[in-house]
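Spelled out, the chains give:
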Amino acid sequence: MIQISFILNGKKVKLETDENRRLIDILREDFSLTGTKEGCSIGECGACTIIMNKLAVNSCLVLAGQLIDSEILTIEGVSENGKLNVLQENFLKYGAVQCGYCTPGMIMSIYALLLKNNNPADEEIKEAIAGNLCRCTGYKQIIDAARATADTDMITDLSQ
Amino acid sequence: MSTKFIKSKFWVEDIKEEMMAEVPISVVEPWQKDKELKYVGKPESRKDAYDKVSGTAEYTFDKSFSQIAVAKTLRSPYPNAVIKKIDVSEAIKNKNVLGILTPDNCKDNDWYSGTSKLLDKKVRYNGDEIACIVAETEQDAEEALRLIKIEYEILPHVTDLEKAKLDTAAKINDHELKPREYNRGNLEEGLKEADIIVEDKFSTSVAVHNPLEPHCSVVKWDGEKLLVFDSTQGIWAVRDTVASQLGIPASNVRVIKKYMGGGFGGKLECGKYTVMAALLSKKIGRPVKIVLDRKEMNQAVGNRPSSVQELKIGAKKDGSITAISHNAYGTAGAFPGSAGCSWPARSLYKCPNMKLVDTTYYINAGKDRPFRAPGHVQGTFAFESIIDEAAEKLGMDPIEFRVKNFTAVDPDWNGPYTSKLLREAYIAGADKIRWKENRKKAGFGGGIVKTGYGMASQIWWGGGAPPSYAILKLNWDGSAELVSGTQDIGTGTYTILAQIVAEVLEIPTRKINVVLGDTGVCPFGAMSGGSMTAPSVGPAARDAAEKMLSKLKSAAAAILELSEDKLEYSEGVFSSKDDRSKTADFSKLFGHFREGVLVTQGAREANPEGYAINTFGAQFAKVDVNTLTGKVCVKHVVAAHDIGRVLNRKTLNNQFHGGIMMGLGFALLEERVIDNYTGKLLTTNLLDYKLPTIIETPEIDVIIVSEEDNKVNNIGAKGIGEPAMIPTAGAIANAVYNAIGVRIKDLPITPDKVLNALASKNN
Ligand code: FES
Ligand code: FES
């Protein structure tokens, strides 16, 4: 067991847990943040993508010990009081969602990109979601939603 | 009586279904072509999109209860064995282990058409279920599984299709798989008449559905009643299987599916895991969750069978096809299934003489399940490849050759189609990709990267059929709820049903709530597969809405003391045609009712007699082939289809893009690999089993050449799930040939095959 504290969606949280627990399980089981999905458990599908210290990472590959003093942002943390952010709105508008299981991970990957680069080229958007698999929609509408968001330049860093 | 029973006949995959269905006696007229629709056809955003982009959508995978326990399955490490002894004494020592099912303590229930048991002492593939343990946590369950000691008698196995064909192959299943044969005219005569004959052999790999949400169930008993949350495309199939497996009344089982992360056919039937979870849950008196991991997903819950296809086509100089021979075989795993794939050869073109044989062989591998366009994806690839070969031999353009052999009637029984705009699809697609200008002779281009163009056609059913029902509840405030026992597996069913009701009642879609996927509250609705959902359930929703409108009209007439023909309706208000001041809106009407909600039930009408109902289309691909690396890069896909009326352009685009990407994966990447020596599955994860990513995504254009098909049903729409995917692989394969001048006949077209083909061409 270890004691850890980290920032989760803008709030400081404390937790005592086994060192070898995965971040995805901590999020889903201890904090009921089930928006983060699991598709493969070994870092290949990107459904579990969250933002850790401003970088998109697969939460199925992060262990509890690595969380100490980190900043974690999940899909639940990117909208405020139930109001969607521009990227989420654009996913809706451009029809970038089908079954939706890959969607939170896609949004977090693009969100992380936009945090560090608010005017990415299409190639950079593609690279950002190259590790996110979608079995339903094809990817075109996802790029459209990301492009439109980058063009509006309105994403704010909620984790600050 | 406003309904009657009929014998409903329709095709699901290549099986002709016949079942009794209750259909409305008076049939709602389809919307006319020139009628301007306000909601149907509009690119409305998905009703469920908020939940999905915000992360609040609750999938079966997310479902939990207090006191929930976790179950895990022990699967056979061997491809063929008999279990002599199971010793669970060590496994159950841990106090966190709550219960265990083995063939020794499990009901002797039949599975796979009686050729296996729920838990069988005979295991027939690497991944076959042996035992299931429920424990406090997943980790406890997994550790306990490792402590089960089993004595196996290991038997010889066969996982190689060519070996499975031999008489000497080890016997896998007692149930005999008979070849299916179809004959028309006289093949030999047809070949004699031909001026040219082309002959070739093609093959395709086993592909696996791999939806992103794993197969999973959460079960909870409430006394004798069982609640099942399941990631399923067929709530009724799950309910009925669970009830009969457990020997309890179907009314005691309630199956709920709210959101699910894709299915593609793999989730049409009830899995063993659901039944095992229910048995364990009963045993321990706690809710149980069972989730398959990616390895299990690739082993045990279905796949598209492999195929080897020997094709022969004879044609006259003028291009008319005189004979088709298709001899196909493949494997559907260790249990009764079908690898048949000759349907495109049978139905795409006019041809008086043919012989088609489909044979399925057992191997020691997981059983097949329907996978987006069963038989048609692999069949179309091979058949449309040889069609191109014949066109080339005749010196004809591939499209010209196809148009020459166009059939205006179903070649099987000469019945007319409700609609067939295949030629229009050829024209629109060719135009978009600039076929005439761009396509050169095969292998013509110079340089390291060679560009090629190819196309392929598509036929599928997809007209839908009864039985499907919908209940509509209209509330005093003008909001409504539509309830139907179908499911939205990501395709957009929630949204299109709301649009249909909105169209009839002229109320905005945001006021319409759609409830699906709950056997406890919904009337029966179609399974979500086979491109059946929209054309089966959509008309039932419209029927319910039209009945509601009639009901309201008769109420308005009574309240306003006017005859019904003197009334007009617009956006929630009835008014007198003669005296505009006489009106009744919903609140006025409901002010006179005792109840605050009115209810109607609609049903899917019968299909028209004497017609063949199909979807058609053509896809065109532009590819770049790097002759140094062997890599194929798809640059552009144009899809042009006849699918009746577009219900929602946004969800339609998703379906087409997704289908094309899945077709691209099948053409270039996806392949289940089993090590023939050990019989073990090698592609157990998403790195080894490659799905297409954004990197492989080409430019995609989707053209719908149909406005509506008003003979098919009251919404004029046909399904699009399968049509979207069927021709993609064939179009890509033909484009690769056009680029490099040598044909790759075995899917997926991986770089090694391209390089080998180029080397053999140069020698
Ligand atoms: S679940 Fe983490 S990458 Fe797939
Ligand atoms: S929408 Fe289903 S996996 Fe992406």
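Residues numbered from 1 in each chain as written. Chains lettered and ligands numbered in written order. Predicted model: local features only at pLDDT ≥ 70, side-chain atom pairs only at ≥ 80, totals over all residues. Heavy atoms only, no water.

Undergrad: Hey, could you run me through the overall build of chain B in this one?
TA: Within chain B, the secondary structure is distributed over 18 helices and 32 strands. Relative to the compact-globule value of 27 Å for 763 residues, chain B shows a C-alpha radius of gyration of 27 Å, a close match. Considered along the principal axes of its C-alpha atoms, chain B spans approximately 90 × 75 × 45 Å. Of all intrachain contacts in chain B linking residues separated by at least 6 positions in sequence, the fraction that spans at least 24 positions is 80%. About 27900 Å² of surface is accessible on chain B, with carbon and sulfur atoms providing 50% of the total. Within chain B, one finds 98 positive and 97 negative side-chain charges whose respective centroids are separated by 1 Å. (Helix = DSSP H or I, 4+ residues; strand = E, 2+ residues; numbered from the N terminus. Rg over C-alpha atoms; globule rule 2.2 N^0.38 Å. Contact = heavy atoms within 4.5 Å. Areas by Shrake-Rupley, 256 points an atom, 1.4 Å probe, with all protein chains shown as cover. Lys, Arg positive; Asp, Glu negative; His and termini not counted. Charge placed at Lys NZ, Arg CZ, Asp CG, Glu CD.)

Undergrad: Is there a simple way to explain the pattern of salt bridges in this structure?
TA: Oppositely charged side chains can pair when the atoms bearing their charge come close. All names here are of chain B. Within this structure, the stated rule accounts for 49 salt bridges over all chains. The salt bridge partner of Glu90 is Lys93, with a shortest N-O separation of 2.8 Å. Since its relative accessible area comes to 31%, Glu90 is described here as partly exposed. The closest approach of N and O atoms between Lys117 and Asp108, which form a salt bridge, is 4.0 Å. (Salt bridge = Lys/Arg side-chain N within 4 Å of Asp/Glu carboxyl O. Buried < 20%, exposed > 50% of the residue type's maximum accessible area, 1.4 Å probe, protein only.)

Undergrad: Explain the nonpolar core here, please?
TA: A general feature of soluble globular proteins is that nonpolar side chains tend to end up buried together. Counting 184 residues, the largest nonpolar core has Phe91 of chain A together with Phe383 of chain B as its most contacted members. A per-element tally of this core places helix H14 (residues 533-560) of chain B first, with eleven residues. In this structure Phe383 of chain B touches Leu311, Ile313, Ile324, Pro344, Ala345, Leu348 and Tyr349 of chain B, once residues within four positions along its chain are discounted. Residues Cys132, Trp221, Leu226 and Val253 of chain B belong to the second largest nonpolar core, which totals 50 residues. (Core = buried A, V, L, I, M, F, W, Y, C linked by side-chain atoms within 4.5 Å.)

Undergrad: Is there a simple way to think about the environment of Tyr737 of chain B in this case?
TA: Residues and elements named next belong to chain B. Turning to its location among the elements, Tyr737 is positioned in helix H17 (residues 728-740). Residue Tyr737 is classed as buried on the basis of its relative accessible area, which comes to 15%. Sequence separation between Tyr737 and Gln378 is 359 residues, and the spatial gap between their C-alpha atoms is 17 Å. Setting aside residues up to four positions removed in sequence, Tyr737 forms contacts with Glu392, Ala442, Gly443, Val742 and Arg743.

Undergrad: Just checking my understanding: could you explain the domain arrangement of chain A for this structure?
TA: The parts lose accessible area when they come together, and the size of an interface is often stated as this lost area. Residue and element names in this part refer to chain A. Domains assigned within chain A are domain 1 (2-75) and domain 2 (86-149). With both sides pooled, the region where domain 1 packs onto domain 2 buries about 1200 Å², and carbon together with sulfur makes up 67% of that total. Where domain 1 touches domain 2, the interface holds zero salt bridges. For the pair domain 1 and domain 2, the number of links is four residue pairs in polar contact (both at pLDDT 80 or more). Of all elements in the fold, only strand E3 (49-52) and strand E4 (55-58) reach the threshold of two or more residues within the side of domain 1 that touches domain 2. (Domains from an automatic or database assignment. Buried area = accessible area lost by both parts, 1.4 Å probe. Polar contact = N/O pair within 3.5 Å; in protein donor to acceptor, adjacent residues only side chain to side chain.)

Undergrad: Looking at this model, I keep getting lost on unusual backbone geometry. Mind explaining?
TA: Excluding glycine, residues mostly have negative phi values, and the peptide bonds linking residues are mostly trans. All names here are of chain B. Following Pro466, the chain continues into Pro467 via a peptide bond in cis, with omega recorded as 0°. With respect to the secondary-structure elements, Pro467 resides in the loop between strand E20 (449-460) and strand E21 (469-475). A cis amide bond links Leu747 to the next residue, Pro748, at an omega of -5°. Topologically, Pro748 is positioned in the loop between H17 and helix H18 (751-762).

Undergrad: Even after reading the chapter, I still don't get the sheet that holds strand E24 (residues 567-570) of chain B, so can you show me in this structure?
TA: In any sheet, the strands associate via hydrogen bonds between backbone groups, in a parallel or an antiparallel arrangement. All names here are of chain B. The three strands lie next to each other as E24-E25-E26, forming an open sheet whose pairing is antiparallel. A strand with exactly one partner marks an edge of an open sheet, and here the two such strands are E24 and strand E26 (583-585). Neighbour-to-neighbour, the strand axes of this sheet turn through a mean angle of 20°, independent of strand direction. Of the strand pairs in this sheet, strand E25 (residues 573-576) and E26 are connected by three bridges, and their pairing is antiparallel. By the bridge assignment, Phe574 is partnered in E26 with Ala584. (Pairing = 2+ DSSP bridges. Axes fitted to C-alpha atoms, helices over the stretch in contact; angles between N-to-C directions.)

Undergrad: Explain the domain arrangement of chain B to me, please; I cannot follow it from the model alone.
TA: All names here are of chain B. Its domain assignment divides chain B into domain 1 (3-59 + 465-603), domain 2 (63-155 + 210-300), domain 3 (158-209 + 302-396) and domain 4 (408-463 + 607-763). Summarising the inter-unit geometry, the C-alpha centres of domain 2 and domain 4 are found 37 Å apart. Between domain 2 and domain 4, the residue contacts involve nine residues of the former and twelve residues of the latter. Summed over both sides, the interface of domain 2 with domain 4 buries roughly 850 Å², with 64% coming from carbon and sulfur. Considering only the side of domain 2, the residues that lose the most area to domain 4 are Asn126, Asn210 and Asn298, jointly responsible for 45% of the buried surface there. Summed over the shared surface of domain 2 and domain 4, the result is zero salt bridges.

Undergrad: Where do I start with the sheet that holds strand E4 (residues 81-87) of chain B in this structure?
TA: All names here are of chain B. With antiparallel pairing, the three strands of this open sheet are ordered in space as E8-E4-E10. In the strand order of this sheet, the two ends are held by strand E8 (122-123) and strand E10 (149-154), each with one partner. Strand direction decides the pairing type here: E4 and E8, joined by two bridges, are antiparallel. Considered in E8, the bridge of Ala81 is made with Val123.

Undergrad: Sorry if this is basic, but what is going on with the interface of chain A and chain B here?
TA: If you look at the interface, chain A gives 41 residues, while chain B gives 47 residues. When the two sides are added together, the surface that chain A and chain B hide from each other amounts to roughly 3600 Å², 60% of it contributed by carbon and sulfur. When the buried surface of chain A facing chain B is broken down by residue, Gln98, Tyr101 and Arg135 of chain A rank first, second and third, together holding 24% of it. Our enumeration of links across chain A and chain B arrives at three salt bridges. Residue Asp62 of chain B pairs with Lys37 of chain A through a salt bridge whose shortest N-O separation is 2.5 Å. Across the chain A-chain B interface, the total number found is 23 residue pairs in polar contact (both at pLDDT 80 or more). Element by element, the count of residues in the side of chain A that touches chain B is highest for helix H2 (residues 86-93) of chain A, at four residues. Class assignment of the residues belonging to the side of chain A that touches chain B gives a composition of 20 nonpolar, twelve polar and nine charged. (Nonpolar A, V, L, I, M, F, W, Y, C, P; charged D, E, K, R; others polar.)

Undergrad: What exactly am I supposed to notice about a nonpolar patch on the surface here?
TA: Residue and element names in this part refer to chain B. A grouping of Ile448, Val449 and Leu628 is seen on the molecular surface, where their side chains present a nonpolar patch of about 280 Å² in accessible area. Among the structural elements, Val449 can be located in strand E20. Judged by its relative accessible area of 43%, Val449 falls in the partly exposed class. (Patch = residues over 30% accessible without salt bridge, like charges linked within 9 Å, V, L, I, M, F, W, Y side chains within 5 Å.)

Undergrad: Just to check I follow, could you spell out helix H9 (residues 376-394) of chain B for this structure?
TA: Think of an α-helix as turning once every 3.6 residues; residues three or four places apart then point the same way. All names here are of chain B. The first and last C-alpha atoms of H9 sit 26 Å apart over 19 residues, in line with the 27 Å expected at 1.5 Å per residue. Where burial is concerned, most of H9 is hidden: 17 out of the 19 residues are buried. A positive phi of about 70° marks Gly395, the residue just after H9. (Expected span 1.5 Å × (residues − 1).)

Undergrad: I would appreciate a short explanation of the state of the cysteines in the present structure.
TA: Chemically, a disulfide is nothing more than a covalent bond linking the sulfur atoms of two cysteines. Inspection of the entire model under this criterion finds zero disulfides over all chains. Among the cysteines around Cys216 of chain B, which has no disulfide bond, Cys99 of chain A carries the closest sulfur, lying 12 Å off. (Disulfide = S-S within 2.5 Å.)

Undergrad: What am I meant to see in the packing of helix H5 (residues 235-246) of chain B against helix H6 (residues 272-284) of chain B here?
TA: The geometry of a pair of packed helices is captured by two quantities: the angle between their axes and the separation between those axes. All names here are of chain B. For the pair H5 and H6, the least separation of the axes is 10 Å and the interaxial angle reads 50°. Comparing the axis directions of H5 and H6 gives the class oblique. Crossing geometry of H5 relative to H6 is assigned as right-handed. Each of Val238, Val242, Gln245 and Leu246 in H5 lies in contact with H6, whose residues at this interface are Thr274, Val275, Ala278 and Leu279. Tallied by class, the residues present in the contact of H5 with H6 amount to six nonpolar, two polar and no charged. (Parallel < 35°, antiparallel > 145°, perpendicular 65-115°, else oblique. Left-handed = near helix turned anticlockwise from the far one by under 90°.)

Undergrad: When you look at the side chain of Thr683 of chain B in this model, what are you seeing that I'm missing?
TA: Residue and element names in this part refer to chain B. With respect to the helices and strands, the residue Thr683 is situated in the loop between strand E31 (680-681) and strand E32 (699-704). Among the residues examined, Thr683 registers a relative accessible area of 5% and is labelled buried. At 3.0 Å, the side chain of Thr683 and the backbone nitrogen of Val673 are in polar contact. For Thr683, the contacting residues outside a window of four places in its chain are Asn298, Glu671, Arg672, Val673, Asp688 and Tyr689.

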